[in-house]
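Overview (structure and organization)
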Amino acid sequence: MGYRIGVDIGGTFTDFCVFDERSRTLQSLKVLSTPAQPGSDVMHGLRRLQQRFEVDPADISYFAHGQTVGVNTVIQRNGAKMALLATKNFRDLLEVERLRLPEVFNLMSVRPAPLISRDRVFPIEERMRADGTVKVPLNEDDVREAVRTAKAMGCEGIVVAFLNAYRNPAHERRTLEIIRKEAPEMFAFTSSDVWPVIREFERTITTVLNGYVHPKVRDYLTSLQRVLKREGVPATPMITKSNGGVMGAERGKTSCAQVLLSGPAMGVIGASYVAGLCGERKVLSLDMGGTSADVALIENGRPQYGVGEHIGDFQLFIPSVSVSSIGAGGGSIAWVDSYGSLKVGPESAGSDPGPACYGRGDRATLTDAFAVCGFLEHVKLGFGEVTLDTDRARSAVGAVAQRIGRGLQKTAEAIIHVAVSGMYLEFGKMTAKYGIDPRELALLPFGGAGPMIACFLARELGIGRLVIPTAPGVLSAMGGLISDVKNDFIRSLMLRLDDGALADVQRGFKELTDEARRWLKDEGHFRGRTELRYSADMRYLGQKFEIEVPLTVRAATKTGFARMADDFHRRHQQVYDYCDPTAAVEIVNLRLVIVGVSPKPEFRKIARSSKRPQPVAVQQVHYDGTARRVPVFHRADLKAGCRFAGPAIVLQDDTTTCVLHDFDVRVDPYGHLIIERRS
């Protein structure tokens, strides 16, 4: 019995969420991020936890950490210099991609430059047939020559992706042996080890992304391990994954593609837990920190998953929590373009220097606009880590006001409206993708800036209900704390679904199950409750793409096998509003997700009161072109059953909730703020 800790590193603050396994209570903390000194923010946070809550590092029994090192490396394109060994005549795979236009309605749009330039792609004589038999043996001299040339070009590592290696990885594995012998100082990854799935480009780009971020992710995780050891933390650090699970930091150094969406996935897992606790069926989570705003759809307490999520200019074809970036963060900088138009983001002030109101920066940000409008006058920023400097915020926003020829208050309001408009535009793309009506959703905002802007955004979207978690500013960190140990496994089969495929399907699922159980045993020697989730990628014979069909445990047995086709027809009807029960069905991939269920904190109900809450202050706030006298409440003073009408400001250590005049607030039994728009 000790402390379970979740940590989320953001662009401005690093968030800590602590669960005391003895008292069953949650505590939270924020410290400024230090991107130039990896690990020092974690060290500072651990020491603050000891000072503030008497959390002895020696009593930390579990430590989960979300990071954005990998995704930032891809976005900034400052990863490893690598070579690619590809099957002869497939040298242009990364440039050809899928021959799709990046912008469908722009015939002049150009695909982004690949992460490995063509001069560092080496054709290797070898050929594996689609059934796994060898057509052309591996030319080992080609491999040795490619390795020598790559070394001479200054490459740090090599990626190997051969045709049909998902079916038979023998050539890739022999190539890996040669690389390790000829150039032991270079890292190397094979596509059959990273993600052994059909389709050459998808498998190759996933392996390239894995290698591209490997050195930076490896070095960061090594630094984290050293900090925890130096501070006396006995727990093995766990890293959150793109699929919402966790795995050991040591494995994360090589399975880098699995942790590319680590940070955003943590927040969605935390939001899913809160949505389930509140009984909300359809929820849109809004994770807004210092640099960006991300949204995800949650149904019945479960996030949506998918493959092909975009990481910068590239798609990642590993199962991930479906998260879409829709706009600016609290630290996004307001600026004026050459045409005199006001813009917000994408550049962010980050934590160094940070927004002007932190007393550090001198360029206006979205947070500065809220400070100028009066919403942050009584706020203690980041648990007292930063002192509010309203005068500096006014000076920064005033510089923008001069550029656009408006008054100070009007400019601050305009910055907020521009940010909300940009989020609204991107949100429209997401609703079209999922076919959802925002009026049917509840909005669950979190992150340091989420509750601050939530009512403004909900009003634009037509959303009438918001749920503010008890600790929204550190909800992503809580997501890491409650995440399960989880991994995905896949086998590509390409079989027609008939009785002749039964033996292959049974054997495939058995191999996946054995592999998954070995992985879970090795991953921290997990011994808790285990769940196995089976599915198959299926399509009608002749279709180009497949859909994933969830399967029961019995589906791969003789008694349940016949139901697989029925399940596929039903799923096809749901997705496309069409199915053909008489058509032949093909199994493309078998999938298995193994989950080691972690213990979850039990949220206690808070004390009730029917008394009207008393404000601690009254603040003048400007928005919608009007100055208003607004009551200010402390979140800790609000009991279950309390009700009050907007406009209002609710203060707490990790964030500020801004309630507009056309919304009402009540507190539910667990302390969540339920904000509803008046009809």
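**Here we look at the domain arrangement of the chain**
Assigned domains within the chain: domain 1 (77-218) and domain 2 (485-596). The C-alpha-based centres of domain 1 and domain 2 are spaced at 28 Å. Three residues, W195, I198 and R199, lead the burial of domain 1 against domain 2; their summed loss comes to 53% of the area buried on that side. Seen at the junction of domain 1 and domain 2, the total is 1 salt bridge. In this structure, R199 and E546 form a salt bridge, with 2.8 Å as the shortest nitrogen-oxygen distance. Joining domain 1 to domain 2, the criterion identifies 4 residue pairs in polar contact (both at pLDDT 80 or more).

**What about the sheet that holds strand 9 (residues 157-161)?**
Taken together, the 4 strands give an open sheet; going across it, the order is 6-5-9-10, and neighbouring strands pair in parallel fashion. Taken across any chain shown, the strands that pair with only one partner, and hence form the sheet edges, are strand 6 (121-124) and strand 10 (187-190). Put simply, the sheet's adjacent strands are angled 20° from each other on average, direction ignored. Summarising the sheet, strand 5 (residues 82-87) and strand 9 pair through 5 bridges and their orientation is parallel. Considered in strand 9, the bridge of M82 is made with G157. Contacts between helix 4 (residues 140-152) and the sheet are confined to strand 5, strand 6 and strand 9, with strand 6 contributing the most and set at about 170° to the helix. Taken strand by strand, helix 5 (residues 170-182) contacts strand 5, strand 9 and strand 10, and its axis lies near 165° from that of strand 9.

**With respect to the nonpolar core**
Of all hydrophobic cores here, the largest spans 97 residues; its most connected members are I5, L46, F63 and M538. Examining the composition of this core, we find that 12 residues originate from one element, helix 7 (residues 200-230), more than from any other. Residue assignment places this core across two domains, with domain 1 (77-218) and domain 2 (485-596) each supplying three or more. Here F63 is in contact with I5, V7, V42, L46, L224, L228, A235, T236, P237 and M238, once residues within four sequence places are set aside. Grouped together as the second largest cluster of nonpolar side chains are 78 residues, L32, V295, A396 and V420 included.

**Digging into the packing of aromatic side chains**
Tallied over the full model, the rule gives 10 aromatic pairs. Considering the side-chain rings of F187 and F189, the 5.8 Å spacing of their centres and the 50° angle between planes classify their relative orientation as tilted. For F189, a relative accessible area of 11% corresponds to the buried category. Judged by centre distance (5.2 Å) and plane angle (90°), the rings of F509 and Y534 are edge-to-face. You can see F509 sitting in helix 15 (residues 502-522) and its partner Y534 sitting in strand 26 (residues 530-540), a full 25 residues away along the chain. Relative accessible area serves as the criterion here: at 5%, F509 is assigned to the buried category.

**What about the environment of P303?**
With respect to the secondary-structure elements, P303 resides in strand 15 (residues 302-303). The sequence separation of P303 and G244 amounts to 59 residues, and the corresponding C-alpha distance is 9.0 Å. If near-sequence neighbours (up to four positions away) are discounted, P303 is found in contact with V268, I269, S272, L297, I298 and V321.

**Here we look at the pattern of salt bridges**
Per the counting criterion, the structure on display carries 36 salt bridges. Of the charged contacts in the structure, one is a salt bridge between D504 and R507, with a shortest N-O distance of 2.2 Å. Of this pair, D504 and R507 are both found in helix 15, 3 residues apart, which corresponds to roughly one turn of the helix. A relative accessible area of 26% means that D504 is categorised as partly exposed. Classification of R507 as partly exposed rests on a relative accessible area of 45%. The structure contains a network of salt bridges with shared partners spanning E140, D141, R144, R174, E177 and E182.

**Description of unusual backbone geometry**
Across the junction of G345 and P346, the peptide omega takes the value 5°, indicating a cis bond. Relative to the assigned elements, P346 resides in strand 22 (residues 342-348). The omega torsion of the bond from G646 to P647 falls at 5°, within 30 degrees of zero and hence cis. Tracing the backbone shows P647 in the loop between strand 31 (643-645) and strand 32 (648-652). A positive phi angle, close to 90°, is found at R199, a residue other than glycine. Position of R199 relative to the elements: it lies in the loop between helix 6 (191-194) and helix 7. With a relative accessible area of 16%, R199 lands in the buried category.

Reading the values: the criteria
Residues numbered from 1 in each chain as written. Predicted model: local features only at pLDDT ≥ 70, side-chain atom pairs only at ≥ 80, totals over all residues. Heavy atoms only, no water. Domains from an automatic or database assignment. Buried area = accessible area lost by both parts, 1.4 Å probe. Salt bridge = Lys/Arg side-chain N within 4 Å of Asp/Glu carboxyl O. Polar contact = N/O pair within 3.5 Å; in protein donor to acceptor, adjacent residues only side chain to side chain. Pairing = 2+ DSSP bridges. Helix = DSSP H or I, 4+ residues; strand = E, 2+ residues; numbered from the N terminus. Axes fitted to C-alpha atoms, helices over the stretch in contact; angles between N-to-C directions. Contact = heavy atoms within 4.5 Å. Core = buried A, V, L, I, M, F, W, Y, C linked by side-chain atoms within 4.5 Å. Buried < 20%, exposed > 50% of the residue type's maximum accessible area, 1.4 Å probe, protein only. Phe/Tyr/Trp six-rings, centres within 6.5 Å; stacked < 30°, edge-to-face > 60°.

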